Amino acid sequence: MHVMKTLSILCPVYNEEAVIPLFMDRAAPVITALQERYDVRLVFLDNHSTDASNAVIQGLMEDRDDIYVIRMSRNVGYQKSLETGIRTVASDLYAFIDVDCEDPPEMLLRFAEKIEQGFDLVYGIRTDRPEPSHIKQMRRMFYRVLNGMSDEESLFLMAEFSMFTREVRDSALSENNSFPFVRSGLARVGYNRVGLPYVRQNRIAGTTNYNLVGMTVFAMAGILASTTLPLRLPVYLLPLWLLLVTLFGVLAVVKASAWWALAAFLLSVGFIGTSIAFIAMYVARTYKNGLARPNAHIQRRLSRLPPGDPAW
């Protein structure tokens, strides 16, 4: 008797009560098509929503037995909710997709085709998105800089929108990381992979939970998770720093100018302060990783977990 492989579609949500039904309208035909070849489970990752998102999902579960929900005991953030999802759910294949339909659910069919062709990781490459051109340019510049700084191979313009095998999942979870950056973890482990280009779409409804502060935090998380260059850079710049401080000091004495002395002081403070700041951030991350605390706890009373032991 042929047993279908399980495919778990993990969909993070936070205060998306108006979006979830619209997402289901788009996702339901895709799930039906995939169910011809897979045992499909749609798992919502409720990041402790404060609106009626969980109630909406509970209502969907009354009508369908292939929908599940994992509710976090508190808001742990987007990346940790994804990590909790793949750590909790037992499956042969996994897929990540956002509920706002900016990443089209229909592409999951193309992802599955590539998996069936022998790829272990299939991911979306965002070639364009509906936002101002200067924001697009800043994003591309950030990804290029991050790609150049990374200690290990990274995948340019890769996001979390992807499908991958159990083997990739196990490898990505093998590291003990209190600050998961999922796209970096998936890229790091290698395997046979392919990217599919697509144009990101407008949000189907509601308002985004991202803002400038969130983007800045995201950028810093990407840097700290992908590279140790900020730790090594002071060593590379040390000769130049010593030369400039000496030059400014000599000019301050020769010209009897307080401005050159101030320049030497600010250069020293900036160099040392920035170095200490990055060292402190890396040490803090190392300390938190050493504690080995779970990244999230599940509020089981408001959850319905898929069957299976994730440790199998």
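Just above, that's the structure.
Residues numbered from 1 in each chain as written. Predicted model: local features only at pLDDT ≥ 70, side-chain atom pairs only at ≥ 80, totals over all residues. Heavy atoms only, no water.

A. Region of the structure containing the nonpolar core. One finds Leu-7, Ile-9, Phe-23, Leu-34, Leu-42, Phe-44 and Leu-108 to be the most contacted residues of the largest nonpolar core, which totals 39 residues. In this structure, Leu-42 is in contact with Ile-9, Cys-11, Phe-23, Met-24, Ile-31, Asp-66, Ile-67 and Tyr-68, ignoring residues within four places of it in sequence. Formed by 26 residues, the second largest nonpolar core is a distinct cluster that contains Leu-45, Tyr-94, Val-168 and Ile-298. (Core = buried A, V, L, I, M, F, W, Y, C linked by side-chain atoms within 4.5 Å. Buried < 20%, exposed > 50% of the residue type's maximum accessible area, 1.4 Å probe, protein only. Contact = heavy atoms within 4.5 Å.)

B. Structural context of the packing of aromatic side chains. Summed over the entire model, instances satisfying the criterion amount to seven aromatic pairs. On the basis of an interplanar angle of 75 degrees and a centroid distance of 6.2 Å, the ring pair of Phe-23 and Phe-44 is categorised as edge-to-face. Taken together, the residues Phe-23 in helix α1 (residues 20-34) and Phe-44 in strand β2 (residues 38-46) connect sequence positions 21 residues apart. Judged by relative accessible area, Phe-23 falls into the buried class, the value being 1%. Under the relative-accessibility criterion, Phe-44 is labelled buried at 0%. Across the ring face of Tyr-68, the terminal group of Arg-304 is positioned such that the distance to the ring centre comes to 5.1 Å. (Phe/Tyr/Trp six-rings, centres within 6.5 Å; stacked < 30°, edge-to-face > 60°. Helix = DSSP H or I, 4+ residues; strand = E, 2+ residues; numbered from the N terminus. Lys NZ or Arg CZ within 6 Å of the ring centre and 35° of its normal.)

C. Focus on unusual backbone geometry. Even without a glycine there, the phi angle at Asn-15 is positive, about 55 degrees. Tracing the chain through its elements places Asn-15 in the loop between β1 (5-13) and α1. One non-glycine residue, Cys-101, adopts positive backbone phi at about 65 degrees. Residue Cys-101 is classed as buried on the basis of its relative accessible area, which comes to 1%.

D. Up close: the pattern of salt bridges. Evaluated as defined, the whole model comprises eight salt bridges. Residue Asp-66 is joined to Arg-64 by a salt bridge in which the shortest nitrogen-to-oxygen separation is 2.8 Å. Through salt bridges with shared partners, one network takes in Arg-166, Arg-169 and Asp-170. (Salt bridge = Lys/Arg side-chain N within 4 Å of Asp/Glu carboxyl O.)

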